[in-house]
Amino acid sequence: MRDREKGFPSGLLTSILSSRLLNLQSPSSFTAETVNLDLFSAQLSGDKELTKECHSLLRLPSTIIALGDIEYERIGLLYEIDFIMHRRQVRIILQAMVYASMKGSSLGQFAHLTGFNFVNFVDSCQPLNPFAMRALDNTTLIRLLRWAYSTDSLLVIAEVEKFLLHESGSDLFNEYQLLHLAHRFNMPKLRMRCLSTLRSLEDMEDFKGDDNYDAQLSIMDHSLLSMRTEYLQHLETMKLAPDANFFLWDFHSGRTFEESINERYIPSEQKIEEEMEVEEDCGFGGEIVGLL
C-alpha cells in the first residue's frame, strides 16, 4: 500500500497486496502498522487516492484475517471508517444475541452505547428514550440484512451469515426461512448448509410436503429447488446415482459452492446489479411471513 517512493504507480501496490492476500500468502510488509502509516499519511496530506487504496484493501475479507479483528477494528475507530465501524457494531449485536441464547435469557437485550447510532438503522423498537434497553430479534436481523444488501455492505452480510450458521440462528429461523434468506441475500455458505440434507428425491418430497414450503419460500426459491429435483428425477430415470459434484453445484449462482463462497465477499468496482426478487415474484413467503 505504501512504497510509492520505490517506484510503484498509484494503486498498483494495493493490487499486488490484494492478490497476495487472496492467494493466502503472507506478505511480511503488510501489517497494521503499515496500514496505519498509510492512512495517517493520507489524512495528513489530504491524499484522497491513497485513502481510497487503503479502504479498498480494508474491505477484503483476507485483510481482516491478516490483521486480526482487534487491530482491524482499532484502525476503523481511529480513522472513523464507516464500513469497519458498522461491522464492529454488528459483531457486538450478534455476540450479545449468541450469549443471550446460550444463557436462555430474553433474546438480545443490550444497553444503548455511546457512538452506537448505527443501531438506529436496524433496531426493531426505536424507543423514545435513547438510553433504554433495546430488544433484538429475528425482525432486527432481517432489517439489518435489507439495509446491508441495499448498500452493498459485504462485511455486515458476512457477519450475519456467520451468525445464521451458528445454532443461535436456528433458534430464530426455521430451515425454510434460513434457505429463503440464503437465496434472497446471497449467502452461499448458509445456502450450502441448508441444501446439504436434500440429497435424494425422497428428501425433496419430504421437504416440499411441509406447510412451510409454500408459506415461507418465494417463487425464486421454488424455481431453484425445482432445478435440483428435475436433475435428481433425470438420474433416477437413467438409473444413475448422483455424482458427488452435483451436491457441490450452486444453482443460485450457476457455479460451484466453492466459487460462490470465494467470490461473494470480494468487493466489485462495478455497481452490483440488484438481485432481490421483484415484489410480484416473492410469493407468499417472499417477505418472510410474520417477520417483515
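Sequence positions are assigned chain by chain, starting from 1 and proceeding in written order. In view of the model being predicted, local features appear only for residues whose pLDDT reaches at least 70, and side-chain atom pairs are presented and counted only at 80 or more, with totals across whole chains, interfaces and linings using the full set of residues. Hydrogens and water are ignored here; the side-chain numbers use all heavy atoms of the structure.

**A short note on helix α12 (residues 188–195)**
The α-helix advances 3.6 residues per turn, and as a result positions three or four apart in sequence lie on the same side. Along α12, the residues classified as buried are Pro188, Leu190, Arg191, Cys194 and Leu195. One face of α12 carries all of its buried residues, which in axial projection span an arc of 160°. Only protein chains enter the accessibility calculation, which uses a 1.4 Å probe; a residue whose area is less than 20% of its type maximum is buried, one above 50% is exposed, and one in between is partly exposed. For helices the rule is a DSSP run of H or I covering at least 4 residues; for strands it is a run of E covering at least 2, with both sets numbered from the N terminus onward. Here the arc refers to the set of directions running from the helix axis out to each C-beta atom.

**Let's talk about empty space enclosed by the protein**
Cavity and pocket criteria rest on a 1 Å grid covering protein atoms alone: a 1.4 Å probe that fits but cannot get out defines a cavity, protein on both sides within 12 Å along at least 5 of 7 lines defines an open pocket, and an atom within 4 Å of a point defines a lining residue. Grid points are joined across faces, edges and corners, and a volume is the space filled by probe spheres set on the points. Tallying each qualifying case throughout the model produces one cavity of 30 Å³ or more. Each pocket or cavity is described by its volume, and for the largest cavity that value is around 60 Å³. The wall of the largest cavity is formed by His183, Arg191, Leu195, Leu224, Leu225, Arg228, Asp250, Phe251, His252 and Phe257. Here the lining of the largest cavity takes three residues from helix α15 (residues 219–237), the largest share from any one element. Among the residues making up the lining of the largest cavity, the classes are represented as five nonpolar, two polar and three charged. Gly falls in the polar group here, along with every residue not listed as nonpolar (Ala, Val, Leu, Ile, Met, Phe, Trp, Tyr, Cys, Pro) or charged (Asp, Glu, Lys, Arg).

**A look at the packing of helix α11 (residues 175–184) against α15**
Taken N-terminus to C-terminus, the directions of α11 and α15 make an angle of 95°; their axes are 10 Å apart at the nearest point. Compared by their axis directions, α11 and α15 come out roughly perpendicular. Contact residues: Leu179, His180, His183 and Arg184 in α11; Met220, Asp221, Leu224 and Leu225 in α15. All axes are obtained by fitting lines to C-alpha atoms, using only the stretch in contact for helices, and the reported angles, taken between N-to-C directions, cover 0 to 180 degrees. Working definition: roughly parallel below 35 degrees, roughly antiparallel above 145 degrees, roughly perpendicular at 65 to 115 degrees, and oblique for all remaining angles. In this description, contact between two residues means that some pair of their heavy atoms is separated by no more than 4.5 Å.

**Here's the deal with the environment of Leu178**
Inspection of the secondary structure puts Leu178 in helix α11. When its relative accessible area of 3% is taken as the criterion, Leu178 is described as buried. Taking the C-alpha atoms as reference points, Leu178 and Arg193, 15 residues apart in sequence, are found 9.7 Å from one another. If we skip the residues at most four places from it in the chain, Leu178 touches Leu164, Gly169, Ser170, Phe173, Leu190, Arg193 and Cys194.

**So, the pattern of salt bridges**
Note on definitions: salt bridges are taken to be side-chain nitrogens of Lys or Arg within 4 Å of carboxyl oxygens of Asp or Glu. In this structure the tally under the stated criterion is nine salt bridges. Here Arg191 makes a salt bridge to Asp250, at a shortest N to O gap of 2.6 Å. Of this pair, Arg191 sits in helix α12 while Asp250 sits in strand β3 (residues 249–250), placing them 59 residues apart in sequence. On the basis of relative accessible area, Arg191 is assigned to the buried category, the value being 0%. Overall, the relative accessible area of 1% leaves Asp250 in the buried class. Where salt bridges share partners, they join Asp69, Glu73, Arg87, Arg91, Glu159 and Lys162 into one cluster.

**Here we look at unusual backbone geometry**
The backbone of Glu80 sits at a positive phi, close to 50°, despite the residue not being glycine. Relative to the assigned elements, Glu80 resides in the loop between α5 (69–78) and α6 (82–103). In this structure, Lys239 takes a positive phi of about 55° despite not being glycine. Relative to the helices and strands, Lys239 resides in the loop between α15 and β3.

**Here's the deal with the packing of helix α2 (residues 32–45) against α5**
Running from N to C, α2 and α5 point in directions that differ by 15°, and their axes come no closer than 10 Å. One element, α2, and the other, α5, form an angle in the roughly parallel class. Two packed elements cross with a definite hand, and for α2 against α5 that hand is right-handed. Facing α2, whose interface residues are Ala32, Val35, Asn36 and Leu39, α5 presents Glu71, Ile75 and Leu78. Grouping the amino acids of the contact of α2 with α5 by side-chain chemistry returns five nonpolar, one polar and one charged. Should the near helix be turned counterclockwise from the far one by less than a right angle, the crossing is left-handed, whereas a clockwise turn marks it as right-handed.

**Side note on helix α9 (residues 154–165)**
A helix is expected to reach a length of 1.5 Å times the quantity of its residues less one. Under the 1.5 Å per step criterion, the end-to-end length of α9 is 17 Å for twelve residues, consistent within 8% with the ideal 16 Å. Taking burial as the measure, the twelve residues of α9 include ten buried ones, the bulk of the element. Within the span of α9, buried status applies to Leu154, Leu155, Val156, Ile157, Ala158, Glu159, Val160, Glu161, Phe163 and Leu164.

**Concerning a negative patch on the surface**
Patch definition: residues above 30% relative accessible area lacking any salt bridge, with like charges linked at up to 9 Å and the nonpolar side chains Val, Leu, Ile, Met, Phe, Trp and Tyr linked at up to 5 Å. Here the Shrake-Rupley method, with its probe set to 1.4 Å, supplies the accessible areas, and only the displayed protein chains count as covering residues. Under the counting rule used here, the positive set is Lys and Arg, the negative set is Asp and Glu, and His together with the chain ends is not counted. Here the site of a charge means NZ on Lys, CZ on Arg, CG on Asp, or CD on Glu. Taken together, the side chains of Glu175, Asp210, Asp211 and Asp214 make up a negatively charged region of the molecular surface. Mapped onto the fold, Asp214 is located in helix α14 (residues 212–216). A relative accessible area of 47% places Asp214 in the partly exposed class.

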